[in-house]
Amino acid sequence: MMPGSYITEEDRRAATTVTTSGSGHKFEIQLGHLCNNRCVFCSSGQLTAMKIARAVPLEPIVEALEAARAAGAWHLTFLGGEPTTHKRFLDALGKAVELGFQHIVIFTNGVMFPHPGFIDSVLALGRFEWRVSIQGATDEAHVATTGRPESFRRILHGLGELQRHGQLVTANMCVNERSYRSLPEYPALLRRYGVRQLHVDIVRPESTGERDQEYLREIMPRYSDMAPYYDEMLARFDEWNPDFDVNVGNLPYCILPKWGSRIHHGGQETVTKSADAVGLEDAMNKYEWHGSLRTYLPGCDECVFRPRCTGIFRVYLQLHGEDEFRPISREALVALDPERRNFVVLVEPRLGPLRAALGADESPPGWRTEREISEDRRRRVEIVFAHRDGARAHFVLLAPGRGRAPVITCDAYDVDVEVDPGVPTDAFAELLSWFHGRLAAGSDGTPAPALAPHAIEQAVHGPMLLRSRQRVTLLAKRVEAHFALPGWRVEPLRWPTEASAVLPVRGSAEACVEVRFTIGARGKRSTVGVEFRAADPTGDGGVKAVMEALVE
Ligand code: SF4
């Protein structure tokens, strides 16, 4: 059968009614498919042009919101089409606020941004996350994707306004033939407007509407042609701010193995295993419908990414063939990724005996395993133990050299430990020794992990450093919320090391004031040191005013 995509009955239903989906505390509501843009990868514009999409009434929207809230949802996302052009959008938003949703996301293409009074009307209702579809990082790429000449300028106008109002802004894009060459420009664009997160996804053939093979081939370039542009974008984000939250959705890992920790499939980048859940498998089952449109190749079973990869779109394989997809062995990944970005994947073999013991419910007397959290993007695995008195000990495994004050080190990982106050020292010492023993059993011919000489004392200081870190983060948030000096902007807080942070405040012509924090512990108290570093090439005195405003 020739590859192509079709408007399904489900699409037709969604185009004329309210559709919802939810998981746990999260709830999404789609206000039909009506949209003013004609994005090349999306069915909404086509359904609108074909006059299949219709405006949906307010009543079912309100009913769905009430039902979701009654079921305990508190995180809400408004989707479309374009939700902000719905005639009763402000009523629906107001209702959501009234019902008590705590985090509300407005997913928008920005068409309403320049509309007089629109942003002010929304802000009058509360504080929201604005998730903006920036479909290219340049005017040319964005407009080529949306088919609307003014669309990029509208977005820039809106981003400027939202920044001026101190709003939380995140961004989304679906990379395609018309936009992929602009990927490396995203870091500078998002930095300029203080955007906090970027999700870059690939074209999903089944979401494009009614399209034939030639159309799909034209908008879906070969992944390996796009790879150098992804690579450059991710390198620039890393250079600017390694903690910036950029993630790549659904690209097969073997296309960009070095950046595997930035890729996630099926909407899940953090995996939590607790006593009553099975982690990744459960998370992926939610996306089974999606998985049925994808497939694996015979070599995939050999690939180190196989457990987290949902495969390749069947339609893509029909268009471009199989040549690009080569399974990645663990040894190859070690060579490709000297910076251990794929730490969570690479550390797995060393954790075998520890995981076996945890799976068998073994732990020293008085302790039980509470949960394990693997975070690809943050390159860490955390295992939490609870003492029978209720206090906890957190063991965090990080790539070598990334531990804050590691109590265990080896060539494959550092281990930081944080212990709640009140844990008996001898009980913690026993747990630490047990944990170290399980890790040593996984060293398998490599040098055994070493315990730091003052490991127990270090672990006890951990919580104080954490408190210092929280104080710095809070302080930075306050500065971001209240600092308002024309021509200057506050950039995101960075942590160059575990014990030091930098909050840059930037003006024009390279003028900059950096607030530098140093955290530590003295006795049983957490400490935070602060100093200012200023650069003022123009010498126009602006820097002094910034420092005065910051001190206030
Ligand atoms: S499992 Fe297959 S498709 Fe997925 S990353 Fe590995 S080789 Fe590529």
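Residues numbered from 1 in each chain as written. Predicted model: local features only at pLDDT ≥ 70, side-chain atom pairs only at ≥ 80, totals over all residues. Heavy atoms only, no water.

Observations concerning the domain arrangement of the chain
Argument step 1. Entries for the chain in the domain assignment read domain 1 (9–251), domain 2 (271–346), domain 3 (347–452) and domain 4 (467–551).
Argument step 2. Just the C-alpha atoms count here: the centres of domain 1 and domain 4 sit 32 Å apart.
Argument step 3. Residue-level contacts link seven residues of domain 1 with seven residues of domain 4.
Argument step 4. Summed over both partners, the interface of domain 1 with domain 4 buries about 600 Å², with 41% contributed by carbon and sulfur atoms.
Argument step 5. The three residues of domain 1 that bury the most area against domain 4 are R191, R196 and W240, which together make up 58% of that side's buried surface. (Domains from an automatic or database assignment. Contact = heavy atoms within 4.5 Å. Buried area = accessible area lost by both parts, 1.4 Å probe.)

Observations regarding the site of the ligand
Argument step 1. Every residue close to the ligand is listed here: Y253, C254, C300, C303, R306, C309, I312, R326 and P327.
Argument step 2. Class assignment of the residues belonging to the shell around the ligand gives a composition of seven nonpolar, no polar and two charged. (Near = heavy atom within 4 Å. Nonpolar A, V, L, I, M, F, W, Y, C, P; charged D, E, K, R; others polar.)

Details of unusual backbone geometry
Argument step 1. Non-glycine residue R340 carries a positive phi angle of around 55°.
Argument step 2. Within the secondary structure, R340 is located in the loop between α14 (330–336) and α15 (343–346).
Argument step 3. Judged by relative accessible area, R340 falls into the partly exposed class, the value being 23%.
Argument step 4. With a phi angle near 55°, R379 is a residue other than glycine that sits in the positive phi range.
Argument step 5. When you line up the elements, R379 lands in the loop between β13 (367–375) and β14 (380–387).
Argument step 6. Given a relative accessible area of 11%, R379 falls into the buried group. (Helix = DSSP H or I, 4+ residues; strand = E, 2+ residues; numbered from the N terminus. Buried < 20%, exposed > 50% of the residue type's maximum accessible area, 1.4 Å probe, protein only.)

Regarding the environment of S508
Argument step 1. Looking at where S508 falls in the secondary structure, it is placed in the loop between β21 (500–506) and β22 (512–522).
Argument step 2. Given a relative accessible area of 55%, S508 falls into the exposed group.
Argument step 3. The spacing of S508 and H199 is 309 residues in sequence and 29 Å in space, taken between C-alpha atoms.

Details of the pairing of β14
Argument step 1. Across the eight residues that make up β14, a large majority, eight, are buried.
Argument step 2. Burial along β14 is two-sided: R380, E382, V384 and A386 facing one way and V381, I383, F385 and H387 facing the other are all buried.
Argument step 3. Bridge analysis of β13 against β14 gives eight bridges, and the strand direction is antiparallel. The partner of W367 across the bridge, within β14, is H387.
Argument step 4. Taking the residues that link successive antiparallel strands as the turn, the β13-β14 hairpin has four residues, and the phi of R379 there is positive, at about 55°.
Argument step 5. Relative to strand β15 (residues 392–398), β14 is paired through seven bridges, and the arrangement is antiparallel. Looking across to β15, one finds that V381 is bridged to L397. (Pairing = 2+ DSSP bridges.)

Examining the side chain of S468
Argument step 1. Within the secondary structure, S468 is located in helix α18 (residues 455–482).
Argument step 2. Beyond its immediate sequence surroundings of up to four residues, S468 is in contact with I519, G520, S526, T527 and V528.

A short note on the pattern of salt bridges
Argument step 1. Across all of its chains, the model carries 36 salt bridges by this definition.
Argument step 2. Two residues, E491 and R489, come together in a salt bridge whose shortest N-O distance is 3.3 Å.
Argument step 3. For E491, a relative accessible area of 3% puts it in the buried group.
Argument step 4. By relative accessible area, R489 is classed as partly exposed at 27%.
Argument step 5. Linked by salt bridges that have partners in common, R191, R489, E491 and R506 make up one network. (Salt bridge = Lys/Arg side-chain N within 4 Å of Asp/Glu carboxyl O.)

Description of helix α17 (residues 425–441)
Argument step 1. Taking 1.5 Å per residue, 17 residues should reach 24 Å; α17 reaches 24 Å between its end C-alpha atoms and fits that length.
Argument step 2. Residues of α17 that are buried include every one of A427, F428, L431, L432, W434, F435, H436 and L439, and no others. (Expected span 1.5 Å × (residues − 1).)

Quick look at a nonpolar patch on the surface
Argument step 1. Together, L90, V97 and L125 make up a nonpolar patch on the protein surface, roughly 180 Å² of accessible area in all.
Argument step 2. Of the residues examined, V97 reaches a relative accessible area of 32% and is grouped as partly exposed. (Patch = residues over 30% accessible without salt bridge, like charges linked within 9 Å, V, L, I, M, F, W, Y side chains within 5 Å. Areas by Shrake-Rupley, 256 points an atom, 1.4 Å probe, with all protein chains shown as cover.)

Overview of the side chain of N176
Argument step 1. Turning to its location among the elements, N176 is positioned in the loop between β6 (168–175) and α8 (186–193).
Argument step 2. A polar contact of 2.8 Å, which involves the side chain of N176, links it to the backbone nitrogen of R178.
Argument step 3. If sequence neighbours within four positions are ignored, N176 has contacts with V40, F41, T145, V203, I219 and P221. (Polar contact = N/O pair within 3.5 Å; in protein donor to acceptor, adjacent residues only side chain to side chain.)

Observations regarding the packing of aromatic side chains
Argument step 1. Here the structure, examined in full by the defined rule, presents 16 aromatic pairs.
Argument step 2. Judged by centre distance (5.9 Å) and plane angle (75°), the rings of Y316 and F325 are edge-to-face. Both residues of the pair, Y316 and F325, belong to the buried class.
Argument step 3. Judged by centre distance (6.4 Å) and plane angle (35°), the rings of F395 and F428 are tilted. Remark: F428 occurs in helix α17 and F395 occurs in strand β15; sequence separation between them is 33 residues.
Argument step 4. Sitting above the plane of the F101 ring, R69 keeps its charged end 5.8 Å from the centroid.
Argument step 5. The positively charged end of R341 is found above the aromatic ring belonging to W259, 4.0 Å away from the centroid. (Phe/Tyr/Trp six-rings, centres within 6.5 Å; stacked < 30°, edge-to-face > 60°. Lys NZ or Arg CZ within 6 Å of the ring centre and 35° of its normal.)

Focus on the nonpolar core
Argument step 1. The biggest cluster of nonpolar side chains holds 94 residues, and the ones touching the most others in it are F78, W130, I134, Y186, L198, Y230 and M233.
Argument step 2. Both domain 1 (9–251) and domain 2 (271–346) contribute no fewer than three residues apiece to this core.
Argument step 3. Apart from residues lying up to four places away in sequence, Y230 is in contact with V175, L183, V200, D201, I202, V248, L251 and L256.
Argument step 4. Judged by nonpolar contacts, the second largest core, of 35 residues, contains V344, V417, A427 and A455. (Core = buried A, V, L, I, M, F, W, Y, C linked by side-chain atoms within 4.5 Å.)

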